[in-house]
Amino acid sequence: MGGGAVANSGGNAAYTHLIDPNRKWYNNRRIIALNGWILLLLITSSTNGYDGSMMNGLQSIDQWRLYFGDPRGSMLGLLNAIQNIGCLAAYPFSPYVADGLGRRSSIFLGASIMCIATAIQTASQSVGMFIGARFLIGFGLTFAASAAPLLVTEIAYPSHRAALTSTYNSLWYSGAIVAAWTTFGTFKIDNTWSWRVPSALQGLPSIIQVALIWFCPESPRWLVSKGRHEQALKTLAYYHADGNAEDPLVKYEYEEIKAAIDLDREVAAKIGWKTLFSTRGNLKRMRIIIAIAFFSQWSGNGLVSYYLNRVFNTIGITDGTIQLLINGILQIWNLAWALAASFLCERIGRRVLFITSTIGMLIFFTLQTACSAVYANTGSKPAAHAVIAFIFLFYASYDIAFTPLIVSYTVEILPYQLRAKGFTVFNFAISLSLIFNQYVNPVALDTIGWKYYIVYCVWLAFELVFVYFFVIETKNRTLEETAALFDGDDVAEQLAGAAAGAVDEKDGHSSGSLHDDKIEAKA
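The rules behind each value
- Residues numbered from 1 in each chain as written.
- Predicted model: local features only at pLDDT ≥ 70, side-chain atom pairs only at ≥ 80, totals over all residues.
- Heavy atoms only, no water.
- Helix = DSSP H or I, 4+ residues; strand = E, 2+ residues; numbered from the N terminus.
- Buried < 20%, exposed > 50% of the residue type's maximum accessible area, 1.4 Å probe, protein only.
- Contact = heavy atoms within 4.5 Å.
- Core = buried A, V, L, I, M, F, W, Y, C linked by side-chain atoms within 4.5 Å.
- pLDDT = per-residue confidence, 0-100.
- Axes fitted to C-alpha atoms, helices over the stretch in contact; angles between N-to-C directions.
- Parallel < 35°, antiparallel > 145°, perpendicular 65-115°, else oblique.
- Nonpolar A, V, L, I, M, F, W, Y, C, P; charged D, E, K, R; others polar.
- Phe/Tyr/Trp six-rings, centres within 6.5 Å; stacked < 30°, edge-to-face > 60°.
- Lys NZ or Arg CZ within 6 Å of the ring centre and 35° of its normal.
- Salt bridge = Lys/Arg side-chain N within 4 Å of Asp/Glu carboxyl O.

Peer 1: So what's going on with the overall build of the protein? Which residues, and what values?
Peer 2: Secondary structure assignment for the protein yields 26 helices and zero strands. Put simply, the protein has 523 residues, and 61% of those count as buried.

Encoded structure:
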């Protein structure tokens, strides 16, 4: 696919000329309310980010290390990896809950399990109890995290969808910030509450979700798939058009959803899970989805995200207070870059951000490796300080694509009937890559130190080649149009034509007038 991975972006999406320009996110009460519910869903990512940063911070707290026998090597790897092992255990069930019972039910189930698990983690009396609690946290997180981004992308106002869905994964760092500064604040407590307080706070987002999730709107796409058409139309009208079911945008969205689900159901009913790998279009999807899942964890970021103290030890920074302080500042830096990129993805484009991100990571991680080698050979303090600078620059590069886009890009390229299953494969791939990282990284760092970084330099070069040749541009398209990019222009035109034709019929206009508008917009 030599350089030809850029699909026709198609100019403006078919819905853009149907959007009321006076209906803004800040001046429309129902859109403000909708975005408030979306914020409730976004904090699922914060829970995940909190966990990673908390475990990073706990390794610098003497009370935690001594209480659990100063875990190192494979035991430390297990303490980190067990959460993702819990995730793996839930993946066979999560898509059926999200598709069968609904997005809200899946989030409620996951949040409830996490509330129980964090209570057990906080009360842990042994390393086995702590490990078991972290397994349950991962098990519950799968149900919530498999459904929350789907619901975000399926209820968001069309022109806000890309930014909000990209914000989902970016808010990983909001949880990471809270955890980093919580562990910094409890670091000096001279008893087990130095690590029990951070453990208890991990359950706060889940408690909020359990209390409020049933007030959040359900996905119109899920409602249509269950034959609840009237409720789906009412939901779209209430939040996207101030209750006007005759609004052209609402009618277009509704008809396009029906057309897409009918088309996807024909295929899914025949093949099921095999559909993910049975057509050329779906093979393209899965190639990208699985690749970016592994790239998101195997780019060198896992070293700092889970073993920052080990990285700092290799450059002579061993003071726990300094380690925790740098960790807290780094999480704020990451959130700023990730949120900025979230709101640029529709302007700049996903492909450009992915390529720019990978180039930056390759450059700065190579420089980090070189400076680590200089310190190892000479003990140079300027080289050690340069490593810290390059860690920050590496993360800025990582955050402009692999934080905001991996979830939103995965969700938007999957058609509705495959969205929950495809997203499960994505999460499964991430968990596998994390488990490998969390076991291997501490052992490798203890054994060969900075030389382990060379492996990631080579891997980042491979990532750049893959991203350049295979990542497809998807900006300025509806979910259905984006999914159809992989199946050919005829499918995209079929969905748009079905939606526009149905709207025209209801409006009493000549068949195909909106479809013609779309073709003109593309031109």
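There's plenty left to go through after this.
Peer 1: Which residues make up the side chain of Lys421, and what values go with them?
Peer 2: If you trace the backbone, Lys421 turns up in helix H22 (residues 416-448). Discounting chain neighbours no more than four positions away, the residues touching Lys421 are Pro95, Asp99, Trp273 and Leu276.

Peer 1: Any details on the nonpolar core? Residues and values, ideally.
Peer 2: Within the largest apolar cluster, 122 residues are counted, with the highest numbers of intra-cluster contacts made by Leu41, Trp64 and Phe426. Each residue touching Leu41, except ones within four places of it in the same chain, is listed here: Ile107, Ala148, Leu151, Val152, Ile155, Tyr168, Gln209, Ile213 and Cys216. One finds Trp222, Ala232, Ala241 and Val250 within the second-largest nonpolar core, a separate group that totals 12 residues.

Peer 1: Can you lay out the confidence of the model for the protein for me, pointing to particular residues and giving the numbers?
Peer 2: The predicted coordinates of low-pLDDT regions are not to be read in fine detail. Confidence in the prediction of the protein, expressed as mean pLDDT, is 85, and 88% of residues score 70 or more. Mean pLDDT across the elements of the protein ranges from a minimum in helix H26 (residues 513-522), with 39, to a maximum in helix H5 (residues 103-122), with 97. Scored below 50 in pLDDT, residues 1-12 shows 29 contacts in the model against residues more than four places distant or in partner chains. Within the model, pLDDT remains below 50 along residues 509-523, and this stretch shows 23 contacts once partners closer than five positions in the same chain are excluded.

Peer 1: Tell me what's going on with the packing of helix H1 (residues 29-58) against helix H12 (residues 229-240), and back it up with residues and numbers.
Peer 2: Geometry of a packed helix pair, given as the angle between the helix axes and the separation of the axes. Running from amino to carboxyl end, H1 crosses H12 at an angle of 115 degrees, the nearest separation of the two axes being 7 Å. By the angle class used here, H1 and H12 are roughly perpendicular. Across from Arg30, Ile31, Leu34 and Trp37 in H1, the residues of H12 making contact are Tyr238, Tyr239 and His240. Residues of the contact of H1 with H12, tallied by class, amount to five nonpolar, one polar and one charged.

Peer 1: Help me get a handle on the environment of Ile472, residues and values and all.
Peer 2: If you trace the backbone, Ile472 turns up in the loop between helix H23 (453-470) and helix H24 (479-484). Exposure remark for Ile472: the relative accessible area of 9% places this residue in the buried category.

Peer 1: How would you summarise the packing of aromatic side chains if you had to cite specific residues and measurements?
Peer 2: Applying the stated criterion to the full structure yields 35 aromatic pairs. Ring centres of Trp298 and Trp459 lie 5.6 Å apart, and the angle between their planes is 70 degrees; on these two criteria the pair is classed as edge-to-face. Highlighted residues: Trp298 in the loop between helix H15 (280-295) and helix H16 (301-313) and Trp459 in helix H23, separated in sequence by 161 residues. Ring pairing ties together the aromatic residues Phe354, Phe365, Phe394, Tyr395, Tyr398, Phe402, Tyr409, Tyr452, Tyr453 and Tyr456, which thus form one cluster. Across from the ring centre of Tyr67, 5.5 Å away, lies the NZ or CZ of Arg196, which sits over that ring.

Peer 1: How would you sum up unusual backbone geometry? Please name residues and give values.
Peer 2: Excluding glycine, residues mostly carry a negative phi; peptide bonds, for their part, are mostly trans. In this structure, Asp70 takes a positive phi of about 50 degrees despite not being glycine. One can find Asp70 in the loop between helix H2 (62-67) and helix H3 (73-90).

Peer 1: Requested: an account of the pattern of salt bridges, with residues and values cited.
Peer 2: This structure, assessed with the given rule, holds 13 salt bridges. With its nearest N and O atoms 3.4 Å apart, the salt bridge here joins Arg72 to Asp70. Among the residues examined, Asp70 registers a relative accessible area of 31% and is labelled partly exposed. Sharing partners across several salt bridges, the network here consists of Asp99, Arg103, Glu154, Arg419 and Lys421.

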